[in-house]
Amino acid sequence: MMVPFRRKKSNKQFPVKVCTFDSELEFHLEHRATGRYLFDLICRTIGLRETWYFGLQFEDSKGNLSWLKMDKKVQDQSVHMTNGSCMFIFLAKFFPENVAEELVQEVTQHLFFLQIKQAILSMDVYCPPEASVLLASYAVQAKYGDYDEAVCKPGMLISENLLPQRVIDQYQMTPQMWEERIKTWYADHRGMSRDEAEMEYLKIAQDLDMFGVNYFPITNKKNTEVWLGVTALGLNIYNKENKLLPVTTFQWNEILHISFDDRKFVVKTNDSKNPKPVIFYSQKLRINKLILDLCVGNHDLYMKRRKPDTMEIQQMKAQAKEEKQRRQVERNKLTREKQLREAAEREKAAMEQRLMQLQEEMRAANEALHRSEEAAELLAEKNRLAEEEAMLLSHKAQEVEQEINRMRMTARKTEEEKMYLERKTQEAELLTARMMEESRKRALEADKLKNELIHARVAEKEAKEKLLNFLSRTSTESILITPSSSPESPMHEMHSYDLLADGDMEQLSLEIEKERVEYLAKSKQVQNQLKELRSEIEQLKIGENQCPLDDINAEQLRLGETKYSTLKKVKSGSTKARVAFFEEL
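Since the structure is predicted, the reported quantities are computational estimates derived from the model, not experimental observations.

**A short note on the overall build of the chain**
Reasoning step 1: Secondary structure assignment for the chain yields 13 helices and 13 strands.
Reasoning step 2: Each of the 585 residues in the chain was classed as buried or not, and the buried ones make up 28%.
Reasoning step 3: For the chain, the exposed surface amounts to about 41700 Å²; the carbon and sulfur share of it is 56%.

The following block contains the structure:
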């Protein structure tokens with residue numbers, strides 16, 4: 001029996017790594033796997049149904065970034081291999097006009113949120129400083145939930161990448177100052193779920209001028225370098241120095257046909273009065289292919305939005321609405337439970353506080369009782385001491401009384417002795433008076449004898465003088481001269497010297513007092529000078545402290561108009577005028 005020949009299945013596979021902004025997926029594909037197969041496999045893995053916004057970007061063998069083609073095999077698209085695997089990045093290729101109305105699934109919103117946040121932080125999309133802080137607060141709400149002061153401690157957000165480096169470098173502000181400003185808005189987002197915070201982030205981001213714009217360098221017929229911006233609404237033309245304000249724009253409903261020939265790109269409008277097309281040139285053929293791919297995809301989505309929703313989209317919206325309502329019910333339930341739990345915790349805290357208060361009161365009462373017992377013991381001790389002191393005082397009183405009695409007896413004895421002494425004194429006075437009388441009599445007798453002796457000596461002297469005069473007169477004269485010519489006493493000179501020395505000491509004291517007064521005057525003057533110098537230093541110090549800091553760098557010039565009013569303004573002219581303006585740039 002013959003067995004029919006069957007082709008043996010190839011088991012050869014190649015690894016593929018796909019990176020999103022929050023995860024990395026790994027697959028093993030067969031060699032014949034197409035881009036569509038890989039893309040659908042990724043979408044099923046992450047649960048994505050709004051697939052028309054996304055694509056797979058990769059780096060080819062020449063180092064250029066390209067989008068994976070869905071109808072071709074993966075291995076036929078020159079995908080660069082890294083560590084033996086094909087590396088892809090899952091990105092949003094096309095952007096909605098209104099994120100709130102068009103993005104249905106939460107996973108779609110989350111992927112857009114991550115991509116736009118990364119584009120703003122890497123400064124690929126310009127964002128004003130104030131909008132950067134507000135977007136950062138929504139990003140923190142989406143990551144950490146409601147603001148909790150106990151959890152969000154100072155310094156927690158400093159390590160987070162929340163603001164573009166351009167904004168940080170533009171102002172002389174510390175990370176703590178930025179953190180405080182972000183927290184101010186973060187605290188206002190209480191009660192907002194993660195998907196709501198991410199949607200609010202996207203609502204603000206979609207109003208940025210560079211949101212959803214793919215820029216390509218092109219030239220017009222005059223070889224003027226400009227930027228071509230492919231957006232969800234149409235094609236914008238920008239000056240080389242300004243990617244924010246387009247100089248002119250063409251919406252998709254104005255464009256009839258798009259084609260390219262090598263580096264030449266042709267855009268035909270549906271204006272019958274001006275059949276002249278818009279022609280520009282790119283640097284490489286590859287850029288024209290990428291421009292055409294983006295133009296076709298954005299145009300299809302532009303037309304699709306203006307038609308009734310398909311059954312799939314209606315079903316997705318209904319499911320999303322039901323899911324949102326279910327989540328809202330669960331959120332309300334969780335909120336009620338949280339409120340009840342918080343109320344129970346508050347009641348528990350109040351009861352614990354009341355218990356602590358009662359314990360404190362009990363402790364205070366015990367302390368008061370203990371103090372009362374100690375006071376009672378102290379009073380008892382004082383009473384005992386008072387009794388002992390009373391007993392001592394009683395003994396002392398008895399001793400004092402005995403001493404008083406002894407003193408009274410001593411006083412009586414002293415009185416008797418006094419009387420005896422007075423009597424003896426009177427007797428002594430009488431004896432003294434008699435002795436004084438006798439002494440007076442004796443003194444009179446002595447004076448009488450003295451006078452008699454003097455008279456005798458005088459008579460004797462006169463007799464001797466007469467005898468001497470008679471014997472020798474010369475001897476008498478020399479004897480008489482010698483006592484009369486005595487020299488002055490030297491004590492007079494010493495006395496005069498002492499008086500002179502006392503005068504010098506007084507003069508010296510006056511000079512010393514004068515020098516002391518002068519020194520005090522000079523010292524006071526020096527103190528006043530030091531005081532003035534101190535005042536000058538203080539004034540200089542205060543002046544230095546009042547010097548203002550360097551002014552912060554001037555903010556980037558604000559646009560006076562919104563993104564949408566600018567687009568309306570630049571397309572307000574006729575198609576012919578806009579085409580001519582582009583060619584004359």
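Picking up after the structure, the text goes on.
**Focus on a negative patch on the surface**
Reasoning step 1: A cluster of like negative charges, contributed by Glu415, Glu416, Glu417 and Glu422, occupies part of the molecular surface.
Reasoning step 2: Tracing the sequence through the fold places Glu417 in helix α9 (residues 311–471).

**Notes on the sheet that holds strand β11 (residues 255–261)**
Reasoning step 1: Taking strand neighbours across the sheet as the criterion, the 7 strands line up as β10-β9-β8-β7-β13-β12-β11 in an open arrangement whose pairing is antiparallel. The strands lining the two open edges of the sheet, one partner per strand, are β10 (246–251) and β11. The average undirected angle you get between the axes of adjacent strands in this sheet is 30°.
Reasoning step 2: With 6 bridges connecting them, β11 and strand β12 (residues 264–269) associate as antiparallel partners. The partner of Ser259 across the bridge, within β12, is Val266.
Reasoning step 3: Packed onto the sheet, helix α8 (residues 285–305) meets β7 (214–219), β8 (225–230), β9 (234–239), β10, β11, β12 and β13 (278–282) and runs at close to 160° relative to β11.

**A word on the pairing of β8**
Reasoning step 1: Counting buried residues along β8, 5 of its 6 residues qualify, which places the element largely inside the surrounding structure.
Reasoning step 2: As paired strands, β7 and β8 are joined by 6 bridges and run antiparallel to one another. Looking at the pairing, Thr219 lines up with Glu225 of β8.
Reasoning step 3: Bridge count for β8 against β9 is 5 bridges, and the pairing is antiparallel. Pairing of Trp227 across the sheet is with Tyr238, part of β9.
Reasoning step 4: Hairpin geometry of β8 and β9 is characterised by an intervening segment of 3 residues between the two adjacent antiparallel strands.

**Remarks on helix α1 (residues 35–46)**
Reasoning step 1: Helix length check: α1, at 12 residues, gives a terminal C-alpha distance of 17 Å against a target of 16 Å (1.5 Å per residue), a fit within 8%.
Reasoning step 2: Turning to α1, its buried residues number three or more, namely Gly35, Leu38, Phe39, Leu41, Ile42 and Cys43.
Reasoning step 3: For α1, the elements touching its buried residues are β1 (13–19), β2 (24–30), β3 (54–59) and β6 (85–92).
Reasoning step 4: Residue Gly47 follows α1 closely and has a positive phi angle near 75°.

**Remarks on the packing of aromatic side chains**
Reasoning step 1: Within the structure shown, the criterion is met by 14 aromatic pairs.
Reasoning step 2: With 5.8 Å between their ring centres and 70° between their planes, Phe58 and Phe88 make a pair best called edge-to-face. In this pair, Phe58 is assigned in strand β3 and Phe88 in strand β6, connecting sequence segments 30 residues apart. This pair shows no difference in class: Phe58 is buried, exactly as Phe88 is.
Reasoning step 3: Ring centres of Tyr215 and Tyr238 lie 5.3 Å apart, and the angle between their planes is 55°; on these two criteria the pair is classed as tilted. Of this pair, Tyr215 sits in strand β7 while Tyr238 sits in strand β9, and the two are 23 residues apart along the sequence. The burial state of Tyr215 is the same as that of Tyr238; both residues are buried.
Reasoning step 4: Lying across the ring of Trp227, Lys243 places its NZ or CZ 4.1 Å from the centre.

**Here's the deal with empty space enclosed by the protein**
Reasoning step 1: Following the criterion strictly, the structure yields 3 cavities of 30 Å³ or more and no others.
Reasoning step 2: Roughly 60 Å³ of volume is contained in the largest cavity.
Reasoning step 3: What lines the largest cavity is simply Lys117, Ile120, Leu121, Ser132, Leu135, Ala136, Ala139, Asn161, Leu162, Pro164 and Tyr201.
Reasoning step 4: Within the residue set of the lining of the largest cavity, elements represented by two or more residues are α3 (106–121) and α4 (129–144).
Reasoning step 5: By residue number, the principal contributor to the lining of the largest cavity is α4, which donates 4 residues.
Reasoning step 6: Split by residue class, the lining of the largest cavity holds 8 nonpolar, 2 polar and 1 charged.

**Topic: the UniProt feature "binding site: a 1,2-diacyl-sn-glycero-3-phospho-(1D-myo-inositol)" (unreviewed entry) in the chain**
Reasoning step 1: Mapped onto the present numbering, the UniProt feature "binding site: a 1,2-diacyl-sn-glycero-3-phospho-(1D-myo-inositol)" (unreviewed entry) falls on Lys69, Met70, Asp71, Lys72 and Lys289.
Reasoning step 2: Following the sequence through the fold, Lys72 ends up in the loop between β4 (65–67) and β5 (81–82).
Reasoning step 3: Exposure remark for Lys72: the relative accessible area of 37% places this residue in the partly exposed category.
Reasoning step 4: If we skip the residues at most four places from it in the chain, Lys72 touches Thr34, Gly35 and Gln77.

**As for the layout of surface pockets**
Reasoning step 1: Taken as a whole, the largest pocket spans an internal volume of roughly 840 Å³.
Reasoning step 2: Lining the largest pocket are 27 residues, with Gln57, Trp67, Val213, Asn214 and Tyr215 positioned closest to its centre.
Reasoning step 3: In the lining of the largest pocket, the residues fall into 17 nonpolar, 7 polar and 3 charged.
Reasoning step 4: Here the lining of the largest pocket spans two domains, since at least three of its residues come from each of domain 1 (13–92) and domain 2 (106–206).

**Things to note about the pairing of β7**
Reasoning step 1: Here β7 hands over to β8 after 5 residues, with Asn223 in that stretch at a positive phi of 65°.
Reasoning step 2: When β7 meets β13, the two strands line up antiparallel, connected through 2 bridges. Each residue of the ladder has a partner; that of Ile218, found in β13, is Ser282.

**Here's the deal with the side chain of Gln115**
Reasoning step 1: Examined against the element boundaries, Gln115 turns out to sit in helix α3.
Reasoning step 2: A polar contact of 2.6 Å, which involves the side chain of Gln115, links it to the backbone nitrogen of Ala92.

**What to know about the environment of Ala136**
Reasoning step 1: Within the fold, Ala136 resides in helix α4.
Reasoning step 2: Distance from Ala136 to Tyr201, taken between C-alpha atoms, is 8.6 Å for residues 65 residues apart in sequence.
Reasoning step 3: The contacts of Ala136, once residues within four sequence positions are left out, are Leu162, Leu163 and Ile182.

Procedures and definitions
Residues numbered from 1 in each chain as written. Predicted model: local features only at pLDDT ≥ 70, side-chain atom pairs only at ≥ 80, totals over all residues. Heavy atoms only, no water. Helix = DSSP H or I, 4+ residues; strand = E, 2+ residues; numbered from the N terminus. Buried < 20%, exposed > 50% of the residue type's maximum accessible area, 1.4 Å probe, protein only. Areas by Shrake-Rupley, 256 points an atom, 1.4 Å probe, with all protein chains shown as cover. Patch = residues over 30% accessible without salt bridge, like charges linked within 9 Å, V, L, I, M, F, W, Y side chains within 5 Å. Salt bridge = Lys/Arg side-chain N within 4 Å of Asp/Glu carboxyl O. Lys, Arg positive; Asp, Glu negative; His and termini not counted. Charge placed at Lys NZ, Arg CZ, Asp CG, Glu CD. Pairing = 2+ DSSP bridges. Axes fitted to C-alpha atoms, helices over the stretch in contact; angles between N-to-C directions. Contact = heavy atoms within 4.5 Å. Expected span 1.5 Å × (residues − 1). Phe/Tyr/Trp six-rings, centres within 6.5 Å; stacked < 30°, edge-to-face > 60°. Lys NZ or Arg CZ within 6 Å of the ring centre and 35° of its normal. 1 Å grid on protein atoms, 1.4 Å probe; cavity = no way out; pocket = protein on both sides within 12 Å on 5 of 7 lines; lining within 4 Å. Points joined across faces, edges and corners; volume = space filled by probe spheres on them. Nonpolar A, V, L, I, M, F, W, Y, C, P; charged D, E, K, R; others polar. UniProt positions renumbered as here; feature names shortened; annotations may be inferred. Domains from an automatic or database assignment. Polar contact = N/O pair within 3.5 Å; in protein donor to acceptor, adjacent residues only side chain to side chain.

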